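# Structural features, examined
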Amino acid sequence: MIDFSSNIYNDANMKNLKRHLAEHLDCIHHYPETEPVELERLLAEKLEIPIDCVMVTNGCTEAIYLLAQLFRGYSSVIPQPTFTAYATACRIHHHLISYEKTDELTHLSDNRLYWICNPNSPSGNVLMKGFLDYVVRRSTNYHFIVDQSYEHYTRASVFMPKEVADLPNLVLLHSMSKQYSIPGLRLGYVTACPAIIQRLRTIRQPWSVNAVAIEAGRWLLNNGEEGIADLDGRLEETERLRNKLRKIAGIRMFESKSCFMLGQLEKVTAAELKEYLLNEHDMLIRDCSDFAGLTRYFFRVTTQTPEENDRLIAAIRSYMEKNKNI
């Protein structure tokens, strides 16, 4: 199968990491640190921020749920379409959720959170850093959670972790899982002002990050490993793929600043196209009908190798030509 559905870069060379973990599997016989302090210290040094401004989590998802718990009962503004976990976590912790409609915003309290995925999933769009910086600085009554899980999948400018020291109402989410293509290890971290990090530490569960993930994080930081070896080449290939797909009749492809993109079909549904590609060509795309604000005609693809992308283009073109009279 050629998997175009996952946003995760899947060509990273992790042979050295796997070899290191194989040599250190004895760590599974012992409890990890109650809190991954050593890994947080290494991260703080690498990011050039105080250690009380960073907290390692079990992937970004744990951070999302902890933040929803920390601000329990707040009003949360979640522009759509975006990652569905924000709304799920907020519902569990009794937030009043707004999808940024004008009539909703006028009725929200000042205890307000803004959840921003940047780069955004599923679209790959990136909001201008200057715009976000302006909004955060002028809206000091509100808190802004900016999920930068895909920050290593774009050349667009995003917030640097050290900037949180100057912006007490800003929380940044980061993903080592996505940076190094190790989603199975579940490794993320939060950067924020010390007051927020301290409050988050009081509510997170002990041992939430396992010993193998901690060992992997240490090794990656100490050895300066890269995730995407040729990001510029991957982004160029993304643009080529988008331009080829947009020339196929019956498809609209949206702009993207990342390695994945959103498309919209005119007549056939994303589920129908997905089934065809899977059954006839052993390819998998992402049906985006479950994202709020999107219909059953939206799908997402992530750039793979040029050869694999050409096979996808040919397969979609063939399907659309067969169904042009629907």
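Just above, that's the structure.
Our subject in this report is the structure included herewith. (Residues numbered from 1 in each chain as written. Predicted model: local features only at pLDDT ≥ 70, side-chain atom pairs only at ≥ 80, totals over all residues. Heavy atoms only, no water.)

### Considerations on the overall build of the chain
As a reminder, the rule being used: Secondary structure elements follow DSSP: runs of H or I of four or more residues count as helices, runs of E of two or more count as strands, with numbering from the N terminus. Radius of gyration: C-alpha atoms only; globule rule: 2.2 Å multiplied by the number of residues to the exponent 0.38. Residue exposure (1.4 Å probe, protein chains only): buried if accessible area is under 20% of the type maximum, exposed if over 50%, otherwise partly exposed. In this tally Asp and Glu are treated as negative and Lys and Arg as positive; neither His nor the chain ends contributes. Charge positions are represented by NZ for Lys, CZ for Arg, CG for Asp and CD for Glu.
For the chain, the helix and strand inventory stands at twelve helices and 13 strands. Taking 20 Å as the expected radius of gyration for a compact globule of 326 residues, we find that the chain reaches 21 Å, a close match to that expectation. With the C-alpha coordinates of the chain rotated into their principal frame, the extents come out at 60 × 55 × 35 Å. Buried positions account for 54% of the 326 residues belonging to the chain. Each charge class in the chain can be summarised by its mean position, and for the 37 positive and 41 negative side chains these summaries are 4 Å apart.

### Looking at the sheet that holds strand β9 (residues 251–253)
Neighbouring strands of a sheet are bound in pairs by backbone hydrogen bonds; such pairs are parallel or else antiparallel. Convention followed: A pair of strands counts as paired when DSSP detects no fewer than two bridges linking them. We call two residues in contact when some of their heavy atoms are within 4.5 Å. Note on geometry: axes are C-alpha line fits, over the in-contact stretch for helices, and angles between N-to-C directions span 0 to 180 degrees.
The strand order β9-β10-β13-β12 describes an open sheet built from four strands, whose pairing is antiparallel. For this open sheet the edge positions go to β9 and β12 (286–287), each flanked by a neighbour on one side alone. In this sheet, strand β13 (residues 298–302) lies alongside β12 in antiparallel orientation, the contact comprising two bridges. The residue of β13 that forms the bridge with Arg-286 is Arg-300. Where helix α10 (residues 231–246) meets the sheet, its contacts fall on β9, β10 (260–265) and β13, and the angle it forms with β9 comes to roughly 155°.

### Things to note about the sheet that holds strand β6 (residues 143–147)
Pairing in this open sheet of seven strands is mixed, and the strands run β2-β8-β7-β6-β5-β3-β4 from one edge to the other. Bordering the open sheet on either side are β2 (54–57) and β4 (96–98), each of which pairs with just one other strand. Taken pair by pair, the neighbouring strands of this sheet meet at an average axis angle of 20°, ignoring direction. Bridging between strand β3 (residues 75–77) and β4 involves three bridges; their strand directions are parallel. Of the residues in β4, the one forming a bridge with Ser-76 is Ile-97. Set on the sheet, helix α2 (residues 37–47) makes contact with β2 and β8 (188–191); between it and β2 the angle comes to about 130°. Running over the sheet, helix α3 (residues 59–70) touches β2, β5 (112–117), β6, β7 (170–175) and β8 and is turned about 155° from β7.

### Description of the environment of Thr-191
The line we're drawing: We define a polar contact as two N or O atoms separated by no more than 3.5 Å, with the added condition that, inside protein, one atom must be a possible hydrogen donor and the other a possible acceptor, whereas residues neighbouring each other in sequence contribute only through side-chain atom pairs.
Its place among the elements puts Thr-191 in strand β8. Expressed as a C-alpha distance, the spacing of Thr-191 and Val-171, which sit 20 residues apart in the sequence, is 6.1 Å. With residues up to four places along the chain from it excluded, the contact list for Thr-191 reads Leu-47, Ile-49, Cys-53, Val-54, Pro-161, Val-164, Leu-170, Val-171, Leu-172 and His-174. One polar contact links Thr-191 to His-174, side chain to side chain, over a distance of 2.7 Å.

### Some points on the side chain of His-95
Tracing the chain through its elements places His-95 in the loop between α4 (85–92) and β4. Setting aside residues no more than four positions away along its own chain, His-95 makes contact with Ala-68, Phe-71, Arg-72, Gly-73, Tyr-74, Ser-76, Cys-90 and Leu-113.

### Observations regarding the pairing of β13
The element β13 is extensively covered by neighbouring structure, given that five of its five residues are classed as buried. Both faces of β13 are covered, namely the face carrying Phe-298, Arg-300 and Thr-302 and the face carrying Phe-299 and Val-301. Strand direction decides the pairing type here: β10 and β13, joined by five bridges, are antiparallel. Within β13, the residue paired with Gly-263 across the bridge is Phe-299.

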